[in-house]
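Results of the structural survey
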Amino acid sequence: MADTRVSFSPALRLLQLSPAHTPAPAPPSSSPTAFSCPSSPSSASSSSSSSSRYSESCSDCPTRRQRRRRPAPRPQPARDERPSSLSASPRSSSPGGSSASLSSDVPDPAPAPSPPTEKELQVIDTEVALKACQEVLLKVQMQQQDGAIQEEDEERRADVCDLSPASDRSSWLLRLFQSKLFDASMAVAYLFKSKEPGVQAYIGNRLFGFPPSDVDFYLPQLLSMYVHMDGEVGDAIRPYLVHRCSGSIVFSLLCAWLLGAYSSDMHISAQRHSRGARLRKLILSDQLRPPAASAAAAPASPCSSPGESPSPRGHQRSKSDATTCSGPGGALRRTESNPKVEVREPERLRPQRELVKSLLAIGRRLASLPGKEQKTQRLISELSLLNHKLPARVWLPTADFQHHLVRIPHTQAAVLNSKDKAPYIIYVEVLECENFETSPVPIRIPETRIHSARSADNLDCNADTTACAGATGGSLCGVHNYDNDDDAWATDDIGQLQVEVQTSSSDNLSQFSLDSLTSVESREMFVAAGDIRRRLSENLAQTPTSFRKDPEDPSAVALKEPWEDKVRRIQETSPYGHLSGWHLLPVIVKCGDDLRQELLVYQVLTQLQAIWRQERVPLWIKPYKILVMSSDSGMIEPVLNAVSLHQVRKQSQLSLLKYFLQEHGSFTTEQFLKAQRNFVQSCAGYSLVCYLLQVKDRHNGNILLDSEGHIIHIDFGFILSSSPRNLGFETSAFKLTDDFVEVMGGLNGDMFVYYKMLMLQGMIAARKHMDKVLHMVEIMQQGSHLACFQGSGTIRGLKERFHMSLTEEQLQLLVERMVDGSVRSITTKLYDSFQYMVNGIM
């Protein structure tokens, strides 16, 4: 806005608004006098810039309008006064051409105007002038601010227009990646979906910030992407894998097993040089280990024993020399049958790998035997030989805590039902430790040791102080520590054993002072305690079960026995049972079956279980751990206190409802009502699982019933696009037989209505989180040759079964139709009949 000046008559200069703002006398010139507003700076530029708005505001005041109507007479000025004017001359206007005047209709002044009278001096009020000046300055400031804001807005719009959609989307993604909602599930999904290397690299770095357990759950997806996807994804994942492998031997072996399994889908020529094969070779060579472990292992060379000096440089190796150094942790070995030099496994990984190979080899040898009895006898003998190598620095991979494996009770193992394969279940004794890599391995305790707790002869009620002293080798010490008695241990080919156990061990139940042994009452208490212990041991050794021994199904008795009773019985007979940190762990070893589909189902079940818990839907399912060791072998965590419906029918010869009444009491008891509710909640949960994943081969041998009334589906060899012999014979959405409905109280019972309500709530909750399940399955389809991914519509069909387009009312009608169709399904009845005639499954 151009600068303007306002010229006033000498009368306005006489207003004397304030002493500080009184204008100086005008110099003798022809230009008009400039007026400075009291609220404005005294500079001429600020006053001139606001004078034009001042004239506009002053022209609107009532005093100004009154003056326009009645112009005052102009008296003649004196001769000694300079002529002045009430309006600004056009020649004195601003360069922009704007002119401000106090009166636009007043004619030009006379050449010799008279001085203003007192009446004229009272025309303009002081308050009005101050208010007008303030309004002018305020408007100018507002206009300047508006102009600056408008310029900023224009610049911002220009910047926004310059931004491309990709950069805008990247900024939103960055905010999502840095938020608290971004978890491992979203990281894996975006890592799979994103095609931008920068985003993939950022997510690869974000993996370090998640808890290791969260990332371990999605390890199959990460390794599958590492093997089958492009190089950018592999480069983003590799730093995290290398970091974790360097810090954990468990994670290293788990990655090596999974990499070998997922690389088997590739062509044989591409496997050897693939990225997954190279990483697997790097892991098994033990080159990925902590820096401290590498530095500690460097001085200890396998080429020479600790007491020998290294060979001279010019030494020529003789034929008897067996080993040479070969990289970190490895050695070379030459044999007569194989004159070539082969690489020996690193000592840090060798024990665990040998244990796994031995267990898998036992399963393959059992598959060649004809009957279950021969398989069971061979299994017991094989495990007995394996026990000679224990304890060792080995562990059970399905466990969640650090431990050392010390013993396998070989007589407790059993072969499971299978037509062509020979899966078997074993129970292993472990001792918990802080770190199995650094903690000392427990010393071997032979099974032939003599101990008071293992023999009733040492608990003679007529024992006196002299007999007690004789039993202690002549010692009169009242606290007898059998573990330190050299006569109590038997020697074998391992050599003399030295076991150090504290005297306060829980295994020494009869530790009394010398004074207590001299008392008759204490001797009676000692006898009573020993007699009770002996009788309990005998009773536990012959625990009665409702199942009889079946040569064709030796696992029925072992699986029916309550787990707490089994643990107590084995602990009583174990030489390690008295040690602190003792645990009994079960595991199923399976050979000849691809467990990668089982692993995928375990992940989906775990995800659905978390979703239903989050949405507070009381559905019950039991995901059991799967350990994939190759494309045709692995280990499975067994379901405790559970037997198959086939075993229930065969052993009890009762219907399912009558078996419930036999196990849990009559209809009105609290135990039966609780078991019935557990049955309904688990049946509804597995019905949804079977529908979403299209689980087939649902005969009664693949459905378990636990001691609390839950049903558990196992053996997910046929899911999604696959079915037995690819016939698609089972057409129902899920298995819901008449026996199931009878346990629920019939089609009109309250529990059956509760079952359908749970299914509806579970479906509504599951489809809220559909992407979590969908991405998990879609990633595993990449580059996979599994039977469940045959066809191009696998993922599309899975997405359609969530029915995202249906309302809740429509979804309720769908559940009603599925339940009614499953109850009346003829194919379910025919498939059960076929399994009974062919495989004898009731």
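It should be emphasised that the depicted structure is a prediction, and the values quoted were computed from it without experimental measurement.

What counts, and at which threshold
- Residues numbered from 1 in each chain as written.
- Predicted model: local features only at pLDDT ≥ 70, side-chain atom pairs only at ≥ 80, totals over all residues.
- Heavy atoms only, no water.
- Helix = DSSP H or I, 4+ residues; strand = E, 2+ residues; numbered from the N terminus.
- Buried < 20%, exposed > 50% of the residue type's maximum accessible area, 1.4 Å probe, protein only.
- Areas by Shrake-Rupley, 256 points an atom, 1.4 Å probe, with all protein chains shown as cover.
- Phe/Tyr/Trp six-rings, centres within 6.5 Å; stacked < 30°, edge-to-face > 60°.
- Lys NZ or Arg CZ within 6 Å of the ring centre and 35° of its normal.
- Pairing = 2+ DSSP bridges.
- Axes fitted to C-alpha atoms, helices over the stretch in contact; angles between N-to-C directions.
- Expected span 1.5 Å × (residues − 1).
- Parallel < 35°, antiparallel > 145°, perpendicular 65-115°, else oblique.
- Contact = heavy atoms within 4.5 Å.
- Nonpolar A, V, L, I, M, F, W, Y, C, P; charged D, E, K, R; others polar.
- Core = buried A, V, L, I, M, F, W, Y, C linked by side-chain atoms within 4.5 Å.
- Patch = residues over 30% accessible without salt bridge, like charges linked within 9 Å, V, L, I, M, F, W, Y side chains within 5 Å.
- Salt bridge = Lys/Arg side-chain N within 4 Å of Asp/Glu carboxyl O.
- Disulfide = S-S within 2.5 Å.
- Polar contact = N/O pair within 3.5 Å; in protein donor to acceptor, adjacent residues only side chain to side chain.
- pLDDT = per-residue confidence, 0-100.

1. Focus on the overall build of the protein
Summing up its helical and strand segments, the protein has 32 helices and 14 strands in all. The proportion of buried residues among the 842 residues of the protein is 44%. Carbon and sulfur atoms form 53% of the exposed surface of the protein, whose accessible area is close to 44,800 Å².

2. Brief notes about the packing of aromatic side chains
The tally for this structure, following the rule as stated, stands at 13 aromatic pairs. Ring plane angle 40° and centroid distance 6.1 Å describe the contact between Phe182 and Phe210, whose orientation is recorded as tilted. Of this pair, Phe182 sits in the loop between α6 (165–177) and α7 (184–193) while Phe210 sits in the loop between α8 (197–206) and α9 (212–217), and the two are 28 residues apart along the sequence. Looking at Phe182, the relative accessible area reads 3%, which means it is buried. Centre to centre, the rings of Phe660 and Phe679 are 5.6 Å apart; their planes meet at 85°, and the pair counts as edge-to-face. With Phe660 in helix α25 (residues 656–664) and Phe679 in helix α26 (residues 670–693), this residue pair connects regions lying 19 residues apart in the sequence. Comparing Phe660 with Phe679 shows no difference in burial state: the two are buried. Through successive ring pairs, a cluster of aromatic residues spans Phe177, Phe182, Tyr190, Tyr202 and Phe210. Sitting over the ring of Phe251, Arg244 keeps its end group 4.2 Å from the ring centre.

3. Overview of the environment of Asp771
Its place among the elements puts Asp771 in helix α29 (residues 770–781). Residue classification places Asp771 among the partly exposed positions, given a relative accessible area of 43%. For the pair Asp771 and Met186, spaced 585 residues apart in sequence, the C-alpha separation works out to 9.5 Å.

4. Here's the deal with the sheet that holds strand β12 (residues 642–644)
Across the sheet, three strands lie side by side as β12-β13-β14; this open sheet has antiparallel pairing. The sheet terminates laterally at β12 and β14 (711–713), the two strands that pair on one side only. Taken pair by pair, the neighbouring strands of this sheet meet at an average axis angle of 35°, ignoring direction. Note: β12 against strand β13 (residues 703–706), three bridges, orientation antiparallel.

5. Let's talk about helix α23 (residues 596–614)
An ideal rise of 1.5 Å per residue puts 27 Å on 19 residues; α23 measures up with 27 Å between its terminal C-alpha atoms. Burial runs high along α23: 15 of the 19 residues are buried. Positioned one or two residues after α23, Arg616 has a phi angle of 60°, which is positive.

6. Some words on helix α16 (residues 350–367)
For α16, with 18 residues, the first-to-last C-alpha span of 26 Å sits near the 26 Å given by 1.5 Å per residue. Listing the buried residues of α16 in full gives Gln352, Arg353, Leu355, Val356, Leu359, Leu360, Ile362, Gly363 and Leu366.

7. Overview of the packing of helix α11 (residues 231–247) against helix α14 (residues 275–284)
Each pair of packed helices can be summarised by the angle the axes make with each other and by the distance between the axes. The interhelical angle for the contact between α11 and α14, taken along N-to-C directions, is 10°, at an axis separation of 12 Å. The orientation of α11 with respect to α14, classified from their angle, is roughly parallel. Together, Gly231, Gly234, Arg238, Leu241 and Cys245 of α11 and Arg275, Leu279, Leu282 and Ile283 of α14 make up the contact between the two elements. Looking at the contact of α11 with α14 residue by residue, the class counts come to five nonpolar, two polar and two charged.

8. Quick look at the pairing of strand β11 (residues 633–636)
Across the two faces of β11 the burial is the same, with Ser633 and Met635 and Gly634 and Ile636 all buried. Here four bridges tie strand β9 (residues 582–591) to β11, and the two strands are oriented antiparallel to one another. For Cys591, the partnering residue across the bridge sits in β11 and is Ser633. One ladder, built from four bridges, connects strand β10 (residues 626–630) with β11; its direction is antiparallel. Across the sheet, residue Leu627 finds its bridge partner in β11, namely Met635. Where β10 hands over to β11, the hairpin turn is made up of two residues, counted between the paired strands.

9. Some remarks on the nonpolar core
Proteins that are soluble and globular tend to have nonpolar side chains buried together. Judged by nonpolar contacts, the single largest core of 179 residues is most densely connected at Met225, Leu608, Trp612, Phe734, Leu736 and Tyr755. Looking at this core element by element, the count peaks at 13 residues for α26. With near-sequence residues (within four places) excluded, Phe734 lies in contact with Ser687, Cys690, Tyr691, Tyr755, Met759, Met818, Val819 and Ser822.

10. Considering a nonpolar patch on the surface
The grouping of Phe834, Tyr836, Met837, Val838 and Met842 at the surface amounts to a nonpolar patch, some 520 Å² of accessible area in total. On the secondary structure map, Met842 appears in the segment after α32 (826–839).

11. Digging into the pattern of salt bridges
On inspection of all chains with the given rule, the structure shows 21 salt bridges. Across the salt bridge formed by Lys193 and Glu778, the nearest N and O atoms sit 3.3 Å from each other. Placement of the pair is Lys193 in helix α7 and Glu778 in helix α29, with a sequence separation of 585 residues. Classification of Lys193 by relative accessible area gives partly exposed; the value is 42%. The shortest N-O distance in the salt bridge between Asp739 and Arg649 comes to 2.0 Å. Placement of Asp739 in helix α27 (residues 738–743) and of Arg649 in helix α24 (residues 645–652) is noted, with a sequence separation of 90 residues between them. It is possible to trace a salt-bridge network through shared partners that takes in Asp286, Arg348 and Glu437.

12. Considerations on the state of the cysteines
Enumeration according to the criterion identifies zero disulfides in this entry. For the unlinked cysteine Cys690, the closest cysteine sulfur is that of Cys683, found at 9.1 Å. Look at Cys690 and you get buried, because its relative accessible area is 2%.

13. Considering the side chain of Gln607
Looking at the secondary structure, you find Gln607 in helix α23. At a separation of 3.0 Å, a polar atom in the side chain of Gln607 contacts the side chain of Tyr218. Gln607 has contacts with Phe217, Tyr218, Lys772, Val773 and Met776, leaving out every residue within four places of it along the chain.

14. Describing the pairing of strand β8 (residues 424–432)
Burial runs high along β8: eight of the nine residues are buried. Relative to β8, strand β6 (residues 403–407) runs antiparallel, the two being bridged by four bridges. Bridge pairing in β8 links Leu405 to Val430. Sheet topology note: the strand β7 (residues 414–415)/β8 ladder contains two bridges and is antiparallel. Bridging from a neighbouring strand, Val415 pairs with Tyr424 of β8.

15. Looking at the confidence of the model for the protein
With 64% of its residues at a pLDDT of 70 or more, the protein shows a mean pLDDT of 73. Across residues 294–343 the pLDDT falls below 50, and counting only partners more than four positions away or on other chains, this stretch makes 42 contacts in the model. Below a pLDDT of 50 lies the segment residues 450–527, which in the model reaches 95 contacts outside its immediate sequence neighbourhood of four places, other chains included.

16. Description of the packing of α23 against α29
Between α23 and α29, the least distance of the axes is 10 Å, while the angle of their chain directions is 170°. The angle between the axes of α23 and α29 places the two elements in the roughly antiparallel class. Note on element contacts: α29 touches α23 through Lys772, Val773, Met776, Val777 and Met780, opposite Leu600, Gln603, Val604, Gln607, Leu608 and Ile611. Looking at the contact of α23 with α29 residue by residue, the classes come out as eight nonpolar, two polar and one charged.

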